[in-house]
Amino acid sequence: MDNTSSVETLYQDARLIIERARNNAVRSVDFSRVQMYWQLGKRIFEEEQQGKERADYGTYLIKNLAKQLLPEYGSGFGQRQLERARAFYRLYPIASTLRSQLNWSQYKLLVAISDPDKREYYELESVNNGWTGRETERQINSMLYERLLLSNDKESVLAVARKQRIPESPTEVIKDPMVLEFLGLHRESSYYEKDLEGAIISHITEFLLELGKGFSFVARQKRILLEDDEFFADLVFYNRLLRCFVVIELKTGDLTHQDLGQLQMYVNYYDRYEKLPGENPTIGILLCTKKNDTVVRMTLPEDNKTILASEYKLYLPTTEEFVKEIEFVKEMAEKKQKEDEV
């Protein structure tokens, strides 16, 4: 090894050591903060119990404690934060159950979730995927849990988060709708498929997070030559959990049966020429602004399990909008089930 390469290797090793130490230091500080708020919550709760015969004693206690702490320690110890600390202790009364991978901003988000199953899901997935506080907040605000429940039962969603099972079908991983507010495209503006594709590539990390577990990027505008005709698949990914290729076609308008036919051709190509013997059938996703479930059902075979249509949104809907959409999707699913039974 010459001197130049030796110095470069030393430099890279030194950077790795420094970055690792810095990351460990940040995690250590973050978890010390978590423990601090847990201990504060415990102490407040214990004191509160001594005056349990007075219904307003807890509020009075925290309000006065905040008045004393605020001037000395700042806004992190105001009434609202102390109330969160108390709620934090009540939800996690055993110190050993605290996860060192999570910081206080994530625990604040979790404490605000009243549904214990939903809270457990976000807690586990934050740890499993190494989400930052901002990523955890984004997934909660985009109602990831509720979107997964549209096509999966609660037990299977939690089992995957608990690592008790590996996803077996596309609907366990792929969400409908997908929320792409991070692309920065405005819904009132006109844009083309190439603009949408370019925005996705520019925000590929965020897009992979929205896609879900196990995805890795493979190709953009994958050239497919069939005799003398050229075709280009918009985006190609691979999912290591489902062990298959995932081809995504982008549409800035409503879904048509021609779009589904073209996507089916790309899926067939990957199954016949790219898929290895031990891999599962390729999945195709048509990502569009609006889909017609009846057109999808009538265009594809009844036993279709590999071609999916998913709507995308360029903004984070309000909770009311999401609830309304979820109720509509459930209503359509029940209607389809009744039609199938007939």
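Cut-offs and rules
- Residues numbered from 1 in each chain as written.
- Predicted model: local features only at pLDDT ≥ 70, side-chain atom pairs only at ≥ 80, totals over all residues.
- Heavy atoms only, no water.
- Helix = DSSP H or I, 4+ residues; strand = E, 2+ residues; numbered from the N terminus.
- Expected span 1.5 Å × (residues − 1).
- Buried < 20%, exposed > 50% of the residue type's maximum accessible area, 1.4 Å probe, protein only.
- Arc of directions from axis to C-beta.
- 1 Å grid on protein atoms, 1.4 Å probe; cavity = no way out; pocket = protein on both sides within 12 Å on 5 of 7 lines; lining within 4 Å.
- Points joined across faces, edges and corners; volume = space filled by probe spheres on them.
- Nonpolar A, V, L, I, M, F, W, Y, C, P; charged D, E, K, R; others polar.
- Phe/Tyr/Trp six-rings, centres within 6.5 Å; stacked < 30°, edge-to-face > 60°.
- Pairing = 2+ DSSP bridges.
- Contact = heavy atoms within 4.5 Å.
- Axes fitted to C-alpha atoms, helices over the stretch in contact; angles between N-to-C directions.

A. Region of the structure containing helix α3 (residues 79–91). Counted at 1.5 Å a residue, the expected span for α3 with its 13 residues is 18 Å, and the 18 Å between its end C-alpha atoms agrees. Of the residues making up α3, those classed as buried are Gln 81, Leu 82, Ala 85, Arg 86, Phe 88 and Tyr 89. Viewed along the axis of α3, the buried residues span an arc of 155°, placing them on a single side of the element. In α3, the exposed positions angled more than 90 degrees off the buried face are occupied by Arg 80 and Arg 90.

B. Representation of the layout of surface pockets in the model. Each pocket or cavity is described by its volume, and for the second largest pocket that value is around 600 Å³. Along the walls of the second largest pocket sit 31 residues, with Glu 125, Asn 129, Gly 212, Lys 213 and Gly 214 positioned nearest its centre. Taken together, the elements giving at least two residues each to the lining of the second largest pocket come down to α5 (116–129), α6 (133–141), α7 (144–149), α8 (154–161) and α10 (204–211). Here the lining of the second largest pocket is built from residues that sort into 15 nonpolar, eight polar and eight charged.

C. Here's a closer look at the packing of aromatic side chains. Using the criterion set out here, one finds 19 aromatic pairs in the structure. Taking 5.6 Å as the distance between ring centres and 50° as the angle between the ring planes, the aromatic pair formed by Phe 45 and Tyr 89 counts as tilted. Residue Phe 45 is found in helix α1 (residues 3–49), and its partner Tyr 89 is found in helix α3; the two are separated by 44 residues along the sequence. On the basis of relative accessible area, Tyr 89 is assigned to the buried category, the value being 12%. Judged by centre distance (5.8 Å) and plane angle (45°), the rings of Phe 207 and Phe 237 are tilted. Placement of Phe 207 in helix α10 and of Phe 237 in strand β3 (residues 229–239) is noted, with a sequence separation of 30 residues between them. Neither residue differs from the other here; Phe 207 and Phe 237 are each classed as buried.

D. Just the sheet that holds β3, in detail. Pairing in this open sheet of six strands is mixed, and the strands run β1-β6-β5-β4-β3-β2 from one edge to the other. The outermost strands of the open sheet, each flanked by one partner alone, are β1 (178–179) and β2 (215–226). In this fold helix α11 (residues 257–274) packs onto β2, β3, β4 (244–250), β5 (283–288) and β6 (307–313), with an angle of close to 155° to the strand it touches most, β4.

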